[in-house]
Amino acid sequence: MAALALPALSFIGSVGAVSVPGMKLGYASITWGGNDEQAIKDISSLGFKGIQLRANTFKEYGTRPDALLDILKTHKLDLCMFSSGNANINTGNDKAVIDQHLENAAFIKKLGGQLMQVTNSSRPKEGAPNTADLKSYGRLLNDIGKRTLDLGVQTVYHNHMHQLGETPEEIAVIMENCDEKYVNLLLDIAHYQQGGGNPEAAIRQYKSRIKALHLKDVRQTPEAGPKAYKFVELGQGEVNLATVLVALQEIQFKGWGIIELDAVPDKDKTPLECAKISHTYLKSKGVKI
């Protein structure tokens, strides 16, 4: 199922009008906590054209992907990204790790998707990871990416707090140790900022490798601890979306901008209400959904 083109995205704010004509907008199902059919209905109702689903959908639909594809088609949603889970470098069985992601890639292909997100849970409990581990992870990603590409699915690395690739320096080592042909980047702008980086700088640095972004916001919560934070709806945190869009315009980004919110930040809200806040924020700034 081909990605549907959207009207040019425009942003009007302190930086002036910004257009990102090649960008398409999707929304991640993670906020719904596994209730994917409801997520599909809610995300479609707001006019988004794509959805990011998680590996839990494979458990339910792995043997009947046509049923899930029918639901997506009914609600006019493309599978813009699939979260394939971790690629742990410490299992002692890389083949099993690779095979798991290949199984997911075959599932993605049947759903008309093209992008598979991979993360990593191998970060040491204390201290920074060593360079050897970062290089090893890059090579494992490369092995996964070679094989998924044979199936028509592009592997993308998702930078993430508390995992390998928390800081800009760690991300750079990982990306240097996998081939651009086989592994590209799903840049999460909130995780990148929380890890000490500048999202706009990352967009320019990795302009040839960014296949998708997590459009995401984060707010520090010092009342919960000196390093505490939580992810919030767009416009409710500290990420400067305006300058992010300027950078995307500069690199002529053509891909999916996926709004992601890990969990409902305030328990009196529903996932749909949270999505509406981000939707309203984007529209108030001139973004056409």
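Presented here is an overview of the structure given in this document. (Residues numbered from 1 in each chain as written. Predicted model: local features only at pLDDT ≥ 70, side-chain atom pairs only at ≥ 80, totals over all residues. Heavy atoms only, no water.)

In this section: the environment of Tyr182. As for its position among the elements, Tyr182 is in the loop between α6 (168-176) and β8 (183-188). Placed 135 residues apart in sequence, Tyr182 and Gly47 show a C-alpha to C-alpha distance of 32 Å. Leaving out residues up to four positions away in the same chain, Tyr182 has contacts with Asn142, Gly145, Lys146, Leu149, Gln154 and Thr155. (Helix = DSSP H or I, 4+ residues; strand = E, 2+ residues; numbered from the N terminus. Contact = heavy atoms within 4.5 Å.)

Right, let's get into helix α9 (residues 241-250). Along α9, 7 of the 10 residues are buried, which leaves the element largely enclosed by surrounding structure. Taken residue by residue, α9 has Leu241, Ala242, Val244, Leu245, Val246, Ala247 and Leu248 as its buried positions. Its side-chain oxygen placed 3.2 Å from the backbone nitrogen of Ala242, Asn240 serves as the N-cap of α9. Positive phi appears at Gln252, one or two residues downstream of α9, with a value of about 55°. (Buried < 20%, exposed > 50% of the residue type's maximum accessible area, 1.4 Å probe, protein only. Polar contact = N/O pair within 3.5 Å; in protein donor to acceptor, adjacent residues only side chain to side chain.)

One pass over the full model with this rule turns up 6 aromatic pairs. Between Tyr27 and Trp32, the ring centres sit 5.8 Å apart and the planes meet at 80°, which makes this aromatic pair edge-to-face. Relative to Phe107, the ring of Phe82 lies with its centre 5.8 Å away and its plane at 75°, an arrangement referred to as edge-to-face. Residue Phe82 is located in strand β5 (residues 78-86), and its partner Phe107 is located in helix α4 (residues 94-110); the two are separated by 25 residues in the primary sequence. When sorted by exposure, Phe82 lands in the same class as Phe107, which is buried. Aromatic rings pair up to connect Tyr27, Trp32 and Phe48 into one cluster. The side chain of Lys24 reaches across the aromatic face of Trp256, ending 5.5 Å from its centre. (Phe/Tyr/Trp six-rings, centres within 6.5 Å; stacked < 30°, edge-to-face > 60°. Lys NZ or Arg CZ within 6 Å of the ring centre and 35° of its normal.)

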